[in-house]
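Below are the chains, spelled out letter by letter.
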Amino acid sequence: MDDSEIKCRVVEKLLRNRVFGDHKWSIDRAVDHALPSHAEGRGRQLIKDEMIPQNEASIEAYGGGARENVRLGDVDTAIQFLKDNGGNIPFGFD
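All values reported here derive from a predicted model rather than from experimental measurement. (Residues numbered from 1 in each chain as written. Predicted model: local features only at pLDDT ≥ 70, side-chain atom pairs only at ≥ 80, totals over all residues. Heavy atoms only, no water.)

1. Observations regarding the packing of helix α2 (residues 27-34) against helix α3 (residues 40-51)
We apply this condition: In this analysis, axes come from line fits to C-alpha atoms, helices being fitted only over the stretch in contact, and the angle between any two N-to-C directions falls in the range 0 to 180 degrees. Helix and strand assignments come from DSSP, with helices taken as H or I runs of at least 4 residues and strands as E runs of at least 2, each series counted from the N terminus. Oblique is the label for any angle not covered by the other classes, which are roughly parallel (under 35 degrees), roughly antiparallel (over 145) and roughly perpendicular (65 to 115). When the near helix sits turned anticlockwise from the far one by under a right angle, the crossing is termed left-handed; a clockwise turn instead gives a right-handed crossing. Any two residues having at least one pair of non-hydrogen atoms within 4.5 Å are treated as being in contact. All residues other than Ala, Val, Leu, Ile, Met, Phe, Trp, Tyr, Cys, Pro, Asp, Glu, Lys and Arg, Gly among them, are scored as polar; the first ten of these are nonpolar and the last four charged.
Packing of α2 against α3 brings their axes to within 9 Å, and their N-to-C directions diverge by 135°. Of the possible angle classes, the one that applies to α2 and α3 is oblique. As α2 runs across α3, the sense of the crossing is right-handed. In contact with Ile 27, Asp 28, Val 31 and Asp 32 of α2, α3 contributes Glu 40, Gly 43, Arg 44, Ile 47 and Lys 48. In the contact of α2 with α3, the residues fall into three nonpolar, one polar and five charged.

2. Description of the nonpolar core
Stated precisely, the cut-off is as follows: In plain words, nonpolar cores are sets of buried Ala, Val, Leu, Ile, Met, Phe, Trp, Tyr and Cys residues tied together by side-chain atoms within 4.5 Å. A simple rule labels every residue: compare its accessible area, found with a 1.4 Å probe on the protein chains alone, to the largest value its type can have, and call it buried under 20%, exposed over 50%, or partly exposed in between.
In this structure, Val 10, Val 11, Leu 14, Leu 15, Leu 35, Ile 47 and Ile 59 are the most contacted members of the largest nonpolar core, which totals 27 residues. Broken down by secondary-structure element, the contributors of at least two residues to this core are α1 (3-16), α2, α3, β3 (69-72) and α4 (75-84). Residue contributions to this core peak at six residues, all from α1. If we skip the residues at most four places from it in the chain, Ile 59 touches Val 10, Val 11, Leu 14, Met 51, Ile 52, Val 70, Arg 71 and Leu 72.

3. Concerning the side chain of Glu 56
Tracing the sequence through the fold places Glu 56 in the loop between α3 and β2 (59-61). For Glu 56, a relative accessible area of 18% corresponds to the buried category. Apart from residues no more than four positions distant in its own chain, Glu 56 is found in contact with Lys 7, Glu 50, Met 51 and Phe 81.

4. Examining α4
Quick reminder of the rule: As used here, the arc is the angular range of directions from the helix axis to the C-beta atoms.
Among the residues making up α4, those that are buried are Val 75, Ala 78, Ile 79, Phe 81 and Leu 82. Along the long axis of α4, the arc covered by the buried residues comes to 155°, so they all point the same way. Exposed and facing more than 90 degrees away from the buried side of α4 are Asp 76, Lys 83 and Asp 84. Where the residues of α4 are buried, they touch α1 and β3.

Below you can see the structure in the form of structure tokens.
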């Protein structure tokens, strides 16, 4: 899996499970649910090093604590990210 595909799968899973607004997931949960085991390490690294700092696909850190929670800050931005990068838009969001 390349980096773009990993990012799209994470964003797709967050959208499908409506992880925006007051909802949040830990980075571990997002990666575990979205990616096969061989890509989980790279997925964690991409979320922490690229997606959160650059606000890519509107993924943002949320709350505090040791769990490192994330959510989508803007659904429309996440959908546009998927369109631009060849990701699948979950049913109900297109």
